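Residue-level structure breakdown
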Amino acid sequence: MSAFTEDAERYRTLFETMDEGFCVIEFFDGPHGPLSDYIHIEANPAYERHAGISNVVGQTLRELVPDEADGWLELYGRVLRTGEPIHFQRELIATGRHLDISSFRIGALEDKQVAVLFKDVTHRIRIETELRQLNETLETRIAQALAEREEAEAALRQAQKMEAVGQLTGGLAHDFNNLLAGISGAFEMIGLRLAEGRTADVERYLAAGQGATRRAASLTHRLLAFSRRQTLTPKPTVINRLFTDFTELVRRTVGPQIEVQTIAASGLWPALVDANQLENALLNLCINARDAMPDGGKITIETANRWLDDRTARDHGLTPGQYVTVSVSDTGTGIEKTLLDRVFDPFFTTKPMGQGTGLGLSMVYGFARQSHGHVRLYSEIGQGTTVCVYLPRHRGEEDEESPALPDAATEAEAGETVLVIDDEPSVRMLMVDALTDLGYACVEAGDGPSGLKVLESPARIDLLVTDVGLPGGLNGRQVADAARALRPDLRILFVTGYAENAVLNHGHIEHGMEVLTKPFAVEELRRRVAALLQSDDQPNR
């Protein structure tokens, strides 16, 4: 047997026994145009096993799969024309088999022959499809489960919210009813004594009513601090500078049984903060510390510079960067770990019934967040508690000491006129009467449009005093902006029951403007008006 015959036999055996399907196709010109069909000139036994078609030798493509012929011709025709082999996967729709195919040209273009090597991967494709569908179903089930969980969490949050609202309204009703009883009772007794001509007791009842009013104002301020809507006047402040006067106030408040220590960090950075509200927050913390040490102890007030990296800031719920901290520590009874998550809730208190409102820590928390900072609490039973307030570092110098306000009793200059806008007649009457007593001429308006008409007139107006929340389509800020457009140097005093911070540009008010929060003392109103009208750069009128 010749070597050629042996090689032919070897290749024939390989061709017949190989696992993959194999065939050789030859293109020819047909009724559909040049090279528009091909015939199978050779195929191995595995062809039928993988493709699902028997006896293909001698059959043309358009005879076997007429509906799919154009797609196969395009693929193998490109191999014939370019001589570049291809590898692809495609479904043979006629038999429902998915085939993994390699194809290459045999000889030159003019030989018109292409070899095709393939295997059936239907089972694998089916498994992949089922897995993909399973994943899609799983994603749907997960999405549904997450939606159900979110719905349950929303219901829980709503329930907690309603519980908090119940606590809030119940606590408010209790406290305000007590305060209103004191105020209304004082007025009634004043009326009775005046009717009887017994004026000796009037001063005592006035003092009682005013005291209840101040406590009501303090309660609303603490509520507004909790809800982060109090009026703040932040200024660059080095907190250490507050310690001298503040420490003395704390000592008087907590009593001689409590030692008060301050640790002021050297080189403390300025913080942009409302110093008065910060002192109020710290005083609340010191009172809490005192109440936690009924047998005496030690309060430590400490400042520090802190740099928070990404991880630490994330743990504290803050933006990474530099912060000034001021902390109040005590050596008292401490707070149980199970209660630590609730200490900032409104009206939650660990004190006995009637000895605490539960607003102290929530007010501190609200103040810190409104100042773009945060507050953290650390406590150990029997060891004491530390509350640390974080305030962002101010990049700049500390504010110079503000000049003292002028004496409110200063008489008005001749002809000085104040426009008072407030929709509450009683409040407007009180402001007008208080300013008229000092010699100011006053013009009144009950809403924004009415006040704007006065400003558009040629009447002399030296100062605008306006409530922020006004009816009639124009709020106090809008009236002030219109007033400044008409009278660029006009001084403006905003009066507000709470901080409509968005209306007041989030606390950023222009030069020649101030904010007075209700309820206010008449003396404070007079002082603010005098300060605005007597400043050095008084506008020309």
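Residues numbered from 1 in each chain as written. Predicted model: local features only at pLDDT ≥ 70, side-chain atom pairs only at ≥ 80, totals over all residues. Heavy atoms only, no water.

1. Digging into the pairing of strand β2 (residues 33–43)
Two faces belong to every sheet, and in a regular strand the side chains alternate between them. What counts here: Only strands joined by at least two bridges in the DSSP assignment are considered to pair. Each helix is a run of H or I in the DSSP string that is no shorter than four residues. Each strand is a run of E no shorter than two, and both are numbered from the N terminus.
Of the pairings in the sheet, the one linking strand β1 (residues 21–30) to β2 comprises 7 bridges and is antiparallel in character. By the bridge assignment for β2, Val24 is matched with Glu42. Taken together, β1 and the strand that follows it, β2, pair antiparallel across an intervening segment of 2 residues.

2. With respect to a nonpolar patch on the surface
Formally: Nonpolar side chains (Val, Leu, Ile, Met, Phe, Trp, Tyr) are joined into patches within 5 Å and like charges within 9 Å, using only residues with over 30% relative accessible area and no salt bridge. Exposure was quantified through the Shrake-Rupley algorithm and a 1.4 Å probe, taking into account, for residues, occlusion by the shown protein chains and nothing else. A side-chain nitrogen of Lys or Arg and a carboxyl oxygen of Asp or Glu constitute a salt bridge if their distance falls within 4 Å.
A grouping of Leu138, Ile142 and Leu146 is seen on the molecular surface, where their side chains present a nonpolar patch of about 260 Å² in accessible area. With respect to the helices and strands, the residue Leu146 is situated in helix α5 (residues 122–196).

3. Describing the confidence of the model for the chain
Heads up, the condition is: Scored between 0 and 100, pLDDT is the confidence that the predictor attaches to each residue. Contact between two residues is taken to exist if any of their heavy atoms lie within 4.5 Å; hydrogens are not considered.
Here the chain shows a mean pLDDT of 79. Residues at 70 or above account for 78%. Long-range and interchain partners of residues 225–229, a stretch whose pLDDT sits below 50, account for 18 contacts in this model, where long-range means more than four residues apart. Taken as a whole, residues 400–409 scores under 50 in pLDDT and shows 14 contacts with residues more than four places along the chain or in a different chain.

4. Examining the side chain of Thr237
What counts, and what does not: Note on exposure labels: buried denotes an accessible area under 20% of the residue type's maximum, exposed denotes more than 50%, and partly exposed covers the range between, all computed with a 1.4 Å probe on protein chains only.
Turning to its location among the elements, Thr237 is positioned in strand β6 (residues 235–237). For Thr237, a relative accessible area of 9% gives the class buried.

5. Some remarks on the pairing of strand β9 (residues 297–308)
In terms of strand pairing, strand β7 (residues 258–263) meets β9 through 6 bridges, oriented parallel. Looking at the pairing, Ile263 lines up with Glu302 of β9.

6. As for the packing of helix α7 (residues 243–254) against helix α8 (residues 275–291)
Under the convention used in this document: The axes are straight lines fitted to the C-alpha atoms, using for helices just the contacting stretch, and the angles between their N-to-C directions are given from 0 to 180°. It is the rotation of the near helix from the far one that decides the hand of a crossing: anticlockwise by less than a right angle makes it left-handed, clockwise makes it right-handed. Three classes are used: nonpolar for Ala, Val, Leu, Ile, Met, Phe, Trp, Tyr, Cys and Pro, charged for Asp, Glu, Lys and Arg, and polar for all others, with Gly counted as polar.
Two elements in contact, α7 and α8, have axes whose closest approach is 10 Å; the angle formed by their N-to-C orientations is 35°. The crossing of α7 and α8 is right-handed. Across the interface between the two elements, Phe246, Leu249, Val250, Thr253 and Val254 of α7 pack against Glu279, Leu282, Leu283, Cys286, Ile287 and Arg290 of α8. For the contact of α7 with α8, the residue count by class is 8 nonpolar, 1 polar and 2 charged.

7. As for α7
Cut-off, in case you're wondering: Multiplying 1.5 Å by the helix residue count minus one yields the expected span of that helix. For this quantity, the arc is that covered by the directions from the helix axis to the C-beta atoms.
Between its terminal C-alpha atoms α7 stretches 16 Å, which fits the 16 Å expected from 12 residues at 1.5 Å a residue. Within α7, burial applies to Phe243, Phe246, Thr247, Val250 and Val254. Relative to the axis of α7, the buried residues are bounded by an arc of 100° and lie together on one face. Seen from the buried face of α7, the exposed residues on the opposite side, beyond 90 degrees, are Thr244, Asp245 and Arg252. Buried residues in α7 make contact with β7, α8 and β9. The first or second residue beyond α7 is Gly255, which carries a positive phi of 90°.

8. A look at the pattern of salt bridges
Overall, the coordinates contain 13 salt bridges when judged by the stated rule. For Glu523, the salt bridge identified is with Arg527, shortest N-O distance 3.7 Å. One end of the pair is Glu523 and the other is Arg527, both in helix α14 (residues 522–533) and 4 residues apart, which spans about a single turn. For Glu523, a relative accessible area of 38% translates into the label partly exposed. Arg527 sits in the partly exposed class, given a relative accessible area of 24%. Residues joined in a network through salt bridges with shared partners are Glu514, Glu524 and Arg528.

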